[in-house]
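Geometric and topological summary
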Amino acid sequence: MTLRVIDTIQNRKICLVIVTKEDKDREFLTQKLQRYLAWLSIKCRVFGNTREGAAENQSQVSDVVKWLKEGRHAVAIIDNSSITPTNCEQLANVFKCYSVEPLFLEYSARAGEPSVDSTSQSQKGCQLSNTLSYVKLSKEPHNMIINRVGSYLQTRIVFYILNINMNGKSIWLSRHGESIYNVEEKIGGDSPLSNRGLRYAEKLSELMESEVGDGNLTVWTSTLKRTHETAKYLPYEKLEWKALDELDAGICDGMTYKEIEERFPDDFRARDDDKYQYRYRGGESYADVVNRIEPVIMELERQDNILIITHQAVLRCIYAYFMNVPQDESPWMTIPLHTLIKLTPSVRGVKVTRLTTDVPAVSTYKEKGSSDITDNPEGTSQYANLLTEVSEQKQI
Ligand code: F6P
């Protein structure tokens, strides 16, 4: 009897080839895809531009196949300006011989415009053949054609590509205002804001009005009281997401870190040892949160001007996605209360502006190896202090 092995994401080997005229578009798409896949723990490597023609392309193909076959790797991205629609078919045939699924992404600024440099006559007017798996995207008008996209992982990649918004826009991120539980050093729960937290809520409304005025903005909150109270003075449309609720601390919900260390010392240590993967008993891990907020990220990519009011762990996961923070570092980042973070993604990277307020708040940061709350995290990771990442800082 033959046993059929069910394909998991890990068993799929995809080679994604990006075909564009402009280097900057190809780099932008490559970076975004690489960041998205890494954030989802899908192994991915970019094979860069050789600019040396066919012979070099051939050796690049061998490198890609070797890397994909080596381990449980899933997606190789070819970011090579000498790939044109004409050599795509050749490339596809080679990959298929090695059981690698080729997937092509063709991007052009305007519909009908050649996606590669039309100064080379041989490339003029070339089309990706209908036998290939591909996505063709054009910016003006926003148009897409999808052909022969089959496997789960291919579909997931294509769905992400379709949601990428190439227009400049900003995203504002804030934790809720200081809550009663924050003051009592307890985690989880659904407590209301402290008086200082309510003052931050008023300040946040002023901050956002100075940022967007009466322009377009949508506010996303979790379903928890402290985010609703923080959003209450904001004169903009509001939308509640269950997916934005804080990491579920399971049996530890409502405890302080000290109580957890005393009652569940093994769990306390295990979480410090691998904070990204550790799942609270009856609760969640950071890896779980990333999976649950993926639809939020997808929607964020599509939307313009969004303010997200959420919680410490969730905000770390969102920030890690935009700033490409490694998984073992992201749970240790400081995201202080009463601070608004503005992210402005562009082809050149993400500009971070940190807007601080004069409303004081407690710290909720716990160092690795201790159950104390500390105001000045001491380099648990290079991302421990978010200030290192900030391109601009404003005090309101
Ligand atoms: O302390 C505030 C809080 O939002 C808790 O509700 C939550 O459990 C915690 O932060 C998450 O942070 P960490 O993963 O560092 O414990």
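Residues numbered from 1 in each chain as written. Predicted model: local features only at pLDDT ≥ 70, side-chain atom pairs only at ≥ 80, totals over all residues. Heavy atoms only, no water.

**Regarding helix α11 (residues 312-323)**
Under the convention used in this document: Helix and strand labels come from DSSP, where a helix needs a run of H or I of at least four residues and a strand needs a run of E of at least two; each type is numbered from the N terminus. For a helix, the expected span equals 1.5 Å multiplied by the number of residues minus one. Here's how the labels work: a residue is buried when its accessible area is under 20% of the maximum for its type, exposed when over 50%, partly exposed in between, all with a 1.4 Å probe on protein chains only.
Taking 1.5 Å per residue, 12 residues should reach 16 Å; α11 reaches 16 Å between its end C-alpha atoms and fits that length. The buried fraction of α11 is high, at 12 of 12 residues. Along α11, the residues classified as buried are Gln 312, Ala 313, Val 314, Leu 315, Arg 316, Cys 317, Ile 318, Tyr 319, Ala 320, Tyr 321, Phe 322 and Met 323. Looking one or two residues beyond α11, the residue adopting positive phi is Asn 324, at roughly 60°.

**Side note on the nonpolar core**
Inclusion rule: Residues grouped as a nonpolar core are buried Ala, Val, Leu, Ile, Met, Phe, Trp, Tyr and Cys residues, joined through side-chain atoms within 4.5 Å. The split into domains, and so the bounds of each, comes from an automatic or database assignment of domains. Contacts were defined at the residue level, with two residues in contact if any of their heavy atoms lie within 4.5 Å.
By size, the foremost hydrophobic cluster in this structure holds 73 residues, and its most contacted members are Ile 157 and Ile 318. Here this core gets 10 residues from one element, more than from any other, and that element is α11. The residues that make up this core include at least three from each of domain 1 (14-162) and domain 2 (171-395). Apart from residues no more than four positions distant in its own chain, Ile 318 is found in contact with Leu 173, Leu 244, Ile 293, Ile 297, Leu 300, Ile 308 and Thr 310. If you look at the next biggest cluster of nonpolar residues, it comprises 21 residues, including Cys 15, Leu 68, Ala 76 and Val 100.

**Points about the UniProt feature "active site" (unreviewed entry) in the protein**
This is how the line gets drawn: UniProt positions are given in the numbering used here, feature names are shortened, and annotations may be inferred rather than shown by experiment. Definition of a polar contact: a pair of N or O atoms within 3.5 Å, with one able to donate and the other able to accept a hydrogen when the atoms are protein atoms, and with sequence-neighbouring residues admitted only if both atoms are side-chain atoms.
Per the UniProt record, "active site" (unreviewed entry) is annotated on His 176 and Glu 262. Within the fold, His 176 resides in the loop between β7 (171-175) and α5 (180-183). Take His 176: its relative accessible area is 2%, and that puts it in the buried class. In contact with His 176, other than residues within four places in its own chain, are Asn 182, Leu 193, Arg 226, Thr 227, Thr 230, Ile 309, Thr 310, His 311 and Leu 337. Only 3.3 Å separates the side chain of His 176 from the side chain of Arg 226, close enough to count as a polar contact. The topology assignment puts Glu 262 in helix α8 (residues 257-263). On the accessibility criterion, Glu 262 (63% relative accessible area) is exposed.

**Details of the pairing of strand β3 (residues 75-78)**
The condition is simple: Paired strands are those between which DSSP finds at least two bridges.
Of the two faces of β3, the one holding Val 75 and Ile 77 and the one holding Ala 76 and Ile 78 are both buried throughout. Pairing analysis gives four bridges linking strand β2 (residues 44-47) to β3, with the strands arranged parallel. If you follow Arg 45 over to β3, its bridge partner there is Ala 76.

**What about the pairing of strand β10 (residues 306-310)?**
Of all five residues in β10, five are buried; the element is thus mostly enclosed. Burial along β10 is two-sided: Ile 306, Ile 308 and Thr 310 facing one way and Leu 307 and Ile 309 facing the other are all buried. Note that β7 and β10 share five bridges and pair parallel. Residue pairing across strands places Ser 174 opposite Ile 309, the latter belonging to β10.

**Let's talk about the packing of aromatic side chains**
To keep things clear, this is the line we draw: Between the rings of Phe, Tyr and Trp (Trp by its six-membered ring), a pair exists once the centres lie within 6.5 Å; its type follows the angle of the planes, with under 30 degrees stacked, over 60 edge-to-face, and the other angles tilted. Both a distance and an angle decide whether a charge sits over a ring: NZ of Lys or CZ of Arg must be within 6 Å of the ring centre and within 35 degrees of the ring normal.
By the definition in use, this model includes six aromatic pairs. Ring plane angle 5° and centroid distance 3.9 Å describe the contact between Tyr 36 and Tyr 160, whose orientation is recorded as stacked. A residue pair is termed long-range when its members are at least 10 positions apart, and Tyr 36 in helix α1 (residues 23-39) and Tyr 160 in helix α4 (residues 152-163) qualify at 124 residues. For the pair Tyr 36 and Tyr 160, one class covers both residues: buried. With a centroid separation of 5.6 Å and an interplanar angle of 80°, the aromatic rings of Tyr 278 and Tyr 280 are classed as edge-to-face. For Tyr 278, a relative accessible area of 12% translates into the label buried. The exposure class assigned to Tyr 280 is buried, which follows from its relative accessible area of 5%. Over the ring of Tyr 321 we find Arg 35; its NZ or CZ atom is 4.6 Å from the centre of that ring. Stacked on the ring of Trp 332, the Lys or Arg Lys 275 has its end atom at 4.1 Å from the ring centre.

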